[in-house]
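The primary structure of each chain is shown beneath.
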Amino acid sequence: MLAKDDILAALAAVPGPDGKTPLPQSGAIDGVTVRDGKVFVAIKINPAHAKAMEVMRSEAEAKIKALPGVASALVTLTAENAGPAAPAAGHGHAAPRQRPPDARPIPGIDKIIAVASGKGGVGKSTTACNLALGLARLGLKVGVLDADVFGPSMPRLLGITEKPDLAPDGHKLKPLEKYGVKVMSIGFLVEEGAAIVWRGPMVMSALTQFLREVDWGELDVLVVDMPPGTGDAQLTMAQNVPLSGALIVSTPQDLSLIDARRGIAMFKQVAVPLLGVVENMSYFVCPHCGGRTDIFAHGGARHEAEAHGAPFLGEIPLDVRIRETSDGGVPVVASAPDSPQAAAYLVLAARVRAALFEGQGASRPAPRIVVE
Amino acid sequence: MGDEGNRGAPDPWPSELRVREAGRELRIAFADGFAASISAERLRAASPSADKRRASPGEGGVRIVAVETVGNYAARIAFDDGHDTGIYSWRLLRTLAAEQPPAS
């Protein structure tokens, strides 16, 4: 069992705020909590030196993490209450430690949109991929971020097997390019078929890296292919970047629409504007007789969109050519841009572009933050 | 994200968050013109975080050390007692602001 004394013993190797007295003797330790292998330590510091104390903080955290039986360690710096209040100017905003979520916009990226669905298997990735290619055909600079870390589809959809290189700065990853769009996916880094077995925090840090430590360059739109559902990945995206909007993909049957409703509710809760709803696998046209069958019923997504006051962005048919080109790594918008199948996506892309760049604009300005 | 109050009311949207009095209060102006100041103590006590840690030490009261936006819907407020995991949605801030006498 991990005891408080073990933690203090480990911290003896870390110099305290004065740079020499070991932390446990320095009197700066304000509290140690151990719970199920999770360790929390608070260190009192003069807030004027918060930045300089970051080294001590991370060192302390590393020492605790190295102890056997420690699942996680969190060391926070707290302001010493003794002494006169430091004047607010200058360091009033010196955060005690750096951690996500932070909602800074990403430099160089104008709009970020999420393509989401309530449940899996509705063709969300296929839609995201062809939408991105459609936006690129409209003349926009487009990137695709495959945020579905557990089931990355972009490598297959776009037929990419290369691995990303390091950018010239030696730190960021360079996205791969195909059909005129920049792409990043966890699938580039692991073998197809390998399973990513991660808990939430890993997912969150991977997504944060894909957003901020990929050399996206200048983009008009970054299309994010979200994993299905309403979990960690979705929340990370909603918290870490100011999303310009979200698009919900659903098939028309009730079972899918119920989940689509959850997706809509989630984006509402985090104030991400809903760009609209797309009905995928909307209908099937028989290639032999030309007869149309509404396999999953029809019009459900349109009703759902109307019920939520969201635009209905279009219907994509269930079509063997879309399926074949998707599985073959030659998406229909890139390989047959003049086909009727591609036309459905181009209409969708035009509507998304209009929603993002024309009219009143979907997103409201972020509030100003002032520290007096 | 548990504050479900005022369903149906238009979504509150702040235009400015201003930390005043050396961190002892937060003044919030909303896009609809409403504005109020909320004390740091009140904000600290109303933290929606599951991880509230220990309460503030009492002496002199708690101060706000940092405010940053979270996505489009909330702000994260860090206090000088080390608590910085509370994510305050615009709706929660509006509810807290509405408790205060309107400020000039």
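Anyway, here's the lowdown on the structure attached to this text. None of the values given here were measured: they were computed from a predicted structure. (Residues numbered from 1 in each chain as written. Chains lettered and ligands numbered in written order. Predicted model: local features only at pLDDT ≥ 70, side-chain atom pairs only at ≥ 80, totals over all residues.)

### Here we look at the overall build of chain A
Turning to step 1, where the next piece is worked out: A count of helical and extended segments in chain A gives 12 helices and 14 strands.
Turning to step 2, where the next piece is worked out: Among the 372 residues that make up chain A, the fraction classed as buried is 45%.
Turning to step 3, where the next piece is worked out: Restricting to contacts in chain A with at least 6 residues of sequence separation, those with at least 24 account for 74%. (Helix = DSSP H or I, 4+ residues; strand = E, 2+ residues; numbered from the N terminus. Buried ≥ 20, exposed ≤ 12 C-beta atoms within 10 Å, placed from the backbone. Contact = placed C-beta atoms within 7 Å.)

### Comments concerning the sheet that holds strand E6 (residues 86-89) of chain B
The pairing of strands in a sheet comes from backbone hydrogen bonds and takes either a parallel or an antiparallel form.
Residue and element names in this part refer to chain B.
Turning to step 1, where the next piece is worked out: With respect to topology, three strands assemble into an open sheet ordered E4-E5-E6, the strand pairing being antiparallel. Of all the strands in the sheet, just strand E4 (64-70) and E6 have a single pairing partner and so form its edges. Between one strand axis and the next, the sheet turns through 30 degrees on average, direction left out of account.
Turning to step 2, where the next piece is worked out: As judged from the four bridges shared by strand E5 (residues 74-79) and E6, these two strands associate in the antiparallel manner. (Pairing = 2+ DSSP bridges. Axes fitted to C-alpha atoms, helices over the stretch in contact; angles between N-to-C directions.)

### Concerning unusual backbone geometry
Residues and elements named next belong to chain B.
Turning to step 1, where the next piece is worked out: In this model, glutamate 21 sits at a positive phi of 55 degrees, which is unusual for a non-glycine residue.
Turning to step 2, where the next piece is worked out: The phi torsion at alanine 22 lies on the positive side, around 55 degrees, for a residue other than glycine.
Turning to step 3, where the next piece is worked out: Mapped onto the elements of the fold, alanine 22 is located in the loop between strand E1 (14-20) and strand E2 (25-30).

### Remarks on the sheet that holds strand E9 (residues 245-250) of chain A
All names here are of chain A.
Turning to step 1, where the next piece is worked out: With mixed pairing, the eight strands of this open sheet are ordered in space as E6-E7-E5-E8-E4-E9-E10-E13. The open sheet has two free edges, formed respectively by strand E6 (176-178) and strand E13 (312-315), since each of these has just one partner strand. If you compare each strand with its neighbour and ignore which way they point, the axes differ by 25 degrees on average.
Turning to step 2, where the next piece is worked out: Bridging between E6 and strand E7 (residues 181-185) involves three bridges; their strand directions are antiparallel. Bridge pairing in E7 links lysine 178 to valine 181.
Turning to step 3, where the next piece is worked out: Packed on one face of the sheet, helix H4 (residues 124-137) meets strand E4 (109-116), strand E5 (142-146), E7, strand E8 (219-225), E9 and strand E10 (274-279) and runs near 170 degrees to E8.
Turning to step 4, where the next piece is worked out: On top of the sheet, helix H9 (residues 300-307) reaches E9, E10 and E13; it is set at about 160 degrees to E10, its chief contact.

### What to know about the packing of helix H6 (residues 200-212) of chain A against helix H7 (residues 232-240) of chain A
Residues and elements named next belong to chain A.
Turning to step 1, where the next piece is worked out: Two elements in contact, H6 and H7, have axes separated by 9 Å at closest approach and are oriented at 40 degrees. Between H6 and H7, the interaxial angle falls into the category oblique. Along this stretch, H6 crosses H7, giving a crossing that reads as right-handed. In this structure, H6 contributes Gly200, Val203, Met204, Leu207, Thr208 and Leu211 to the contact, and H7 contributes Asp232, Ala233, Thr236, Met237 and Asn240.
Turning to step 2, where the next piece is worked out: Here the contact of H6 with H7 is composed, by residue class, of six nonpolar, four polar and one charged. (Parallel < 35°, antiparallel > 145°, perpendicular 65-115°, else oblique. Left-handed = near helix turned anticlockwise from the far one by under 90°. Nonpolar A, V, L, I, M, F, W, Y, C, P; charged D, E, K, R; others polar.)

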